[in-house]
Amino acid sequence: MGKGSDGAAVLVVEDEPLVRTMAADILMDAGYRVFEACEAADAMAILDGRDDIGAVFTDIEMPGMTGLALAAAVRDRWPSMPVLVTSGRVRPGSSELPNGSAYIAKPYMPGELVATLGKMLPAPDSGD
């Protein structure tokens, strides 16, 4: 359990509970600390209340504010925070992604999620 205690923290934003739990489990297994939000408004509230979150992983298609709008809002408020967006249907053009953001398609493999996030963040201390 202590493996991820000093790893970077990632905020997972996904309105589908099973998908959110799966992503959180993948990231925790990789040594990250994980926070979860079911919509963009919750994500912004969590980000406002914490200073230890290192990246945001968000679905694009959510009720209310989309993941792309969330990525832009995060870029405006926290310019150095990386945002990884995902979708099974929407493939954003590079002009739609804020600087410092990346995209992976659903369904993603656990290794793809961890590797892509790893390029955006300092690697968690895996204890190896």
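Quick look at the structure, then.

1. Some remarks on the overall build of the protein
If you tally the helices and strands in the protein, you get four helices and five strands. Listed N to C, the secondary structure of the protein is β-α-β-α-β-α-β-β-α in terms of helices and strands. Counting every position in the protein, which comprises 128 residues, the buried fraction comes to 44%. When the accessible area of the protein is evaluated, it comes to approximately 6500 Å², of which 55% is carbon and sulfur surface.

2. A short note on the pairing of strand E5 (residues 101–105)
When you tally the buried positions in E5, you get four out of five residues, the bulk of the element. Pairing of strand E4 (residues 83–87) with E5 involves five bridges; the strand directions are parallel. Bridge pairing in E5 links leucine 84 to alanine 102.

3. What to know about the packing of helix H1 (residues 17–29) against helix H4 (residues 110–120)
At a minimum axis distance of 10 Å, the contact between H1 and H4 shows a crossing angle of 65°. Between H1 and H4 lies a crossing of right-handed hand. Side by side, H1 and H4 meet where Ala23, Ile26 and Leu27 of the first sit next to Pro110, Leu113, Val114 and Leu117 of the second. Of the residues belonging to the contact of H1 with H4, the class tally is seven nonpolar, no polar and no charged.

4. Examining the nonpolar core
Ranked by size, the top nonpolar core spans 22 residues in total, and within it Leu11, Val13, Leu47, Val56, Leu70, Val74 and Val85 carry the most contacts. Counting residues per element, this core draws most heavily on helix H3 (residues 67–77), which supplies five residues. For leucine 11, the contacting residues outside a window of four places in its chain are Phe35, Glu36, Ala37, Ala43, Ile46, Leu47, Ile53, Ala55, Val56 and Phe57. If you look at the next biggest cluster of nonpolar residues, it comprises 17 residues, including Val10, Phe57, Ile104 and Leu113.

5. What about H1?
Here H1 spans 18 Å end to end across 13 residues, near enough to the 18 Å set by a 1.5 Å rise per residue. Buried within H1 are the following residues: Arg20, Ala23, Ala24, Ile26 and Leu27. The buried residues of H1 all sit within an arc of 160° when viewed along its axis, so they share a single face. More than 90 degrees from the buried face of H1, the exposed residues found are Leu18 and Asp29. Among the structural elements, strand E1 (9–13), strand E2 (33–37), strand E3 (53–59) and H4 are those in contact with the buried residues of H1.

6. Observations regarding the packing of aromatic side chains
Going through the model one piece at a time under the given rule, you end up with one aromatic pair. Their ring planes at 75° and their centres at 5.5 Å tell us that phenylalanine 57 and tyrosine 108 sit as a pair that is edge-to-face. With phenylalanine 57 in strand E3 and tyrosine 108 in the loop between E5 and H4, this pair connects stretches of sequence that are 51 residues apart.

7. Let's talk about unusual backbone geometry
Cis peptide bonds are those with omega within 30 degrees of zero, and the linkage from lysine 106 to proline 107 qualifies with -5°. With respect to the helices and strands, proline 107 occurs in the loop between E5 and H4.

Conventions used here
Residues numbered from 1 in each chain as written. Predicted model: local features only at pLDDT ≥ 70, side-chain atom pairs only at ≥ 80, totals over all residues. Heavy atoms only, no water. Helix = DSSP H or I, 4+ residues; strand = E, 2+ residues; numbered from the N terminus. Buried < 20%, exposed > 50% of the residue type's maximum accessible area, 1.4 Å probe, protein only. Areas by Shrake-Rupley, 256 points an atom, 1.4 Å probe, with all protein chains shown as cover. Pairing = 2+ DSSP bridges. Axes fitted to C-alpha atoms, helices over the stretch in contact; angles between N-to-C directions. Left-handed = near helix turned anticlockwise from the far one by under 90°. Contact = heavy atoms within 4.5 Å. Nonpolar A, V, L, I, M, F, W, Y, C, P; charged D, E, K, R; others polar. Core = buried A, V, L, I, M, F, W, Y, C linked by side-chain atoms within 4.5 Å. Expected span 1.5 Å × (residues − 1). Arc of directions from axis to C-beta. Phe/Tyr/Trp six-rings, centres within 6.5 Å; stacked < 30°, edge-to-face > 60°.

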